[in-house]
Amino acid sequence: MSLLFPVTTRFAPTPSGAMHVGHVLAAFTARHLADAHGGRCLLRIEDIDSRARDVRWVDQLMEDLDWLGIRFDGEVMVQSQRFDVYAAVLRELHDKELLYPCFCSRSMRRHENEDIARAPHTTASGCTHRPDRCRTLQADEIERRLVDGEPHSWRIDMHRVQDLIGCPTWEDLYAGVRRCIPSDCEDVILSRKDTPTSYHLAVVVDDAQQGVNLVTRGRDLMASTPIHRALQAVLGLPTPVYAHHPLLRDSKGVRLAKRDHATSIASLREAGYSPAQILSEIRSAVSNGGIWNANQPR
Ligand code: GLU
């Protein structure tokens, strides 16, 4: 595995709810990988979605991280302060003729992950070949509808991306060498009137901007990596190594989420857990196939 030295990795939470043990696993894994390679671990707040800009959750996140004793290096990057940077990159993709407007209504798009600002936490493949209706609209129709002010979003044309960059590869610390076939990927939405960027665009731009050469995150985000790798290639950005770590699940095998109040750091703290006990429970869950079943401090 060709890890670049010095390693720079990151923890990039979306503070739209209480931090839970799954986030702690991601943060500890990133910190551990940085320390094991004498590198740096950065913190980035992914709050392009207005719902993730609730100061209550940001404050709680910072307090939880502090209480857990997880430290980060350098300055904290905050995505909501960087909309002009994302807009410039969108213009660049537009100038390369890689974007097209999509006039489909919300109901026509309902099979898609509607929430373009959030990371799609799914185990399904991010590469789902499907007809992207608006890709084949004629130029004069596009022009007319844009002039008429018809609401639209902007999608990336993954077929054109493939013509431009071919099928780039990347390395995953746990899964080995992977290949991105852009034309197998969905033409994801990169911006909409109400959200002038997307998770996919912001994460790629910011990892490059922060010099992240090791992207540490949960395995449920692995499905997004072909899209990210394609964006890096068209934008001429460096290729990081990825570390998609295994996830924590409940006793039914369901991925832990912000809705599971019992696994939030605040409630574990209230129940009497110390940071060391939480870490030790996470370690035993990981060695138990990722099943989290701690309820009371031992
Ligand atoms: N902000 C994303 C989340 O909290 C993680 C994105 C990433 O690590 O690439 O779900």
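Bear in mind that the values here come from a model prediction, so they are computed numbers and not experimental data.

J.: Talk me through the overall build of the protein chain; I want residue IDs and the actual numbers.
T.: Helix and strand counts for the protein chain come out as nine helices and ten strands. Computed over C-alpha atoms, the radius of gyration of the protein chain comes to 20 Å, within 12% of the 19 Å expected from 2.2 N^0.38 for 298 residues, which places it in the range of a compact globule. Pairs at least 24 residues apart make up 81% of the contacts formed inside the protein chain by residues separated by at least 6 positions. A total accessible area of about 14000 Å² is found for the protein chain, and carbon and sulfur atoms account for 51% of it. Each charge sign in the protein chain was given a centre, from 37 positive and 39 negative side chains, and these centres are 4 Å apart.

J.: Break down the side chain of Arg-155 for me, with residues and values.
T.: With respect to the helices, strands and loops of the structure, Arg-155 is situated in strand S5 (residues 153-156). We classify Arg-155 as buried; its relative accessible area is 2%. Only 2.9 Å separates the side chain of Arg-155 from the backbone oxygen of Asp-187, close enough to count as a polar contact.

J.: Describe the sheet that holds S5, and please don't skip the residues or the numbers.
T.: With respect to topology, three strands assemble into an open sheet ordered S4-S5-S8, the strand pairing being antiparallel. Edge positions in the sheet fall to strand S4 (99-102) and strand S8 (189-192), since each of these pairs with one other strand and no more. Across this sheet, the average inter-strand angle for adjacent strands is 30°, counted without regard to direction. Note: S4 against S5, four bridges, orientation antiparallel. By the bridge assignment for S5, Tyr-100 is matched with Arg-155.

J.: Summarise the nonpolar core; cite the residues concerned and give the values.
T.: Formed by 34 residues in total, the largest nonpolar core has its most connected members in Leu-93, Ile-156, Leu-190 and Leu-201. Of all the elements, helix H6 (residues 199-209) adds the most residues to this core, at six residues. Those residues in contact with Leu-190 that sit more than four places away from it in its chain are Leu-90, Leu-93, Leu-99, Trp-154, Ile-156, Thr-197, Ser-198, His-200, Leu-201 and Leu-231. Val-24, Cys-41, Ile-45 and Leu-61 belong to the second-largest nonpolar core, a separate cluster that totals 28 residues.

J.: Let's hear about the packing of aromatic side chains: which residues, and what values?
T.: Applying the stated criterion across every chain yields a total of three aromatic pairs. When the ring of Phe-11 is compared with that of Phe-72, the centres are 6.1 Å apart and the planes differ by 15°; the resulting orientation is stacked. Of the two residues, Phe-11 sits in strand S1 (residues 8-11) while Phe-72 sits in the loop between helix H2 (55-68) and strand S3 (77-78), which places them 61 residues apart along the sequence. Ring centres 6.3 Å apart and planes at 85° place the aromatic pair Phe-83 and Tyr-86 in the edge-to-face group.

J.: Tell me about the site of the ligand, and please be specific about residues and values.
T.: Taken together, the residues surrounding the ligand are Arg-10, Ala-12, Pro-13, Thr-14, Glu-46, Ala-119, His-121, Tyr-199, Val-203, Arg-217 and Leu-221. The backbone of Ala-12 places a nitrogen or oxygen atom 2.7 Å from a nitrogen atom of the ligand. The side chain of Glu-46 places a nitrogen or oxygen atom 2.7 Å from a nitrogen atom of the ligand. For the ligand, whose unbound accessible area comes to 300 Å², protein coverage reaches 92%.

J.: A description of the packing of helix H3 (residues 83-95) against H6 should follow, citing residues and the corresponding values.
T.: Two numbers describe how H3 lies on H6: the axes approach to 10 Å, and their chain directions differ by 105°. By the angle between their axes, H3 is roughly perpendicular relative to H6. Residues Val-85, Tyr-86, Val-89, Leu-90 and Leu-93 of H3 form the contact with H6, whose participating residues are Leu-201, Ala-202, Val-205 and Asp-206. Class assignment of the residues belonging to the contact of H3 with H6 gives a composition of eight nonpolar, no polar and one charged.

J.: If you had to explain the pattern of salt bridges to someone new, which residues and values would you point to?
T.: Tallied over the full model, the rule gives 19 salt bridges. As a salt-bridge pair, Arg-31 and Asp-73 come within 3.1 Å of each other at their nearest N and O atoms. Residue Arg-31 is located in helix H1 (residues 21-36), and its partner Asp-73 is located in the loop between H2 and S3; the two are separated by 42 residues in the primary sequence. The burial state of Arg-31 is the same as that of Asp-73; both residues are buried. Beyond isolated ion pairs, a larger network of salt bridges with shared partners links Arg-10, Arg-44, Glu-46 and Asp-207.

J.: Can you lay out H3 for me, pointing to particular residues and giving the numbers?
T.: The end-to-end C-alpha distance of H3 is 18 Å, a good match for the 18 Å that 13 residues give at a rise of 1.5 Å each. Those residues of H3 that are buried lie in contact with S4, S8, H6 and helix H7 (225-235). Glu-97 sits one or two positions beyond H3 and adopts a positive phi of about 60°.

Analysis parameters
Note on numbering: residues in each chain are counted from 1, in written sequence order. Two thresholds apply to this predicted model, a pLDDT of at least 70 for residue-level local features and 80 or more for giving and counting side-chain atom pairs, whereas whole-chain, interface and lining totals are computed over all residues. Note that the side-chain values use all heavy atoms of the structure and ignore hydrogens as well as water. To qualify as a helix, a DSSP run of H or I must reach at least 4 residues; to qualify as a strand, a run of E must reach at least 2; elements of each kind are numbered from the N terminus. Here the globule rule reads 2.2 Å times residues to the power 0.38, and the radius of gyration is calculated from C-alpha atoms. By definition in these notes, contact holds between two residues if any of their heavy atoms fall within 4.5 Å. Surface accessibility follows the Shrake-Rupley procedure with a 1.4 Å probe radius. Residue values consider only the protein chains on display as shielding. When charges are counted, Lys and Arg are positive and Asp and Glu negative, with His and the chain ends excluded. For charged residues, the charge sits on one atom: NZ in Lys, CZ in Arg, CG in Asp, CD in Glu. Note on classification: 1.4 Å probe, protein chains only; a residue is buried when its accessible area is under 20% of the maximum for its type, exposed when over 50%, partly exposed between these limits. Whenever a nitrogen or oxygen atom comes within 3.5 Å of another N or O atom, the pair is scored as a polar contact, on the condition that within protein one atom can donate a hydrogen and the other can accept it, and that pairs from neighbouring residues in sequence are kept only if both atoms are in side chains. A pair of strands is treated as paired once DSSP finds two or more bridges between them. Axis lines are fitted to C-alpha atoms, over the contacting stretch for helices. Their N-to-C directions set the angle, which ranges from 0 to 180 degrees. To define a nonpolar core, start from buried Ala, Val, Leu, Ile, Met, Phe, Trp, Tyr and Cys residues and group those joined through side-chain atoms within 4.5 Å. Ring pairs are drawn from Phe, Tyr and Trp, using the six-membered ring of Trp, whenever the two centres fall within 6.5 Å, and their geometry is named by plane angle: stacked under 30 degrees, edge-to-face over 60, tilted for the rest. In these notes, residues near a molecule or strand are those with any non-hydrogen atom within 4 Å of it. An angle below 35 degrees is treated as roughly parallel, one above 145 as roughly antiparallel, one from 65 to 115 as roughly perpendicular, and anything else as oblique. All residues other than Ala, Val, Leu, Ile, Met, Phe, Trp, Tyr, Cys, Pro, Asp, Glu, Lys and Arg, Gly among them, are scored as polar; the first ten of these are nonpolar and the last four charged. We define a salt bridge as a contact between a side-chain nitrogen of Lys or Arg and a carboxyl oxygen of Asp or Glu at a distance within 4 Å. Expected helix span is taken as 1.5 Å per residue step, with the number of steps being one fewer than the number of residues.

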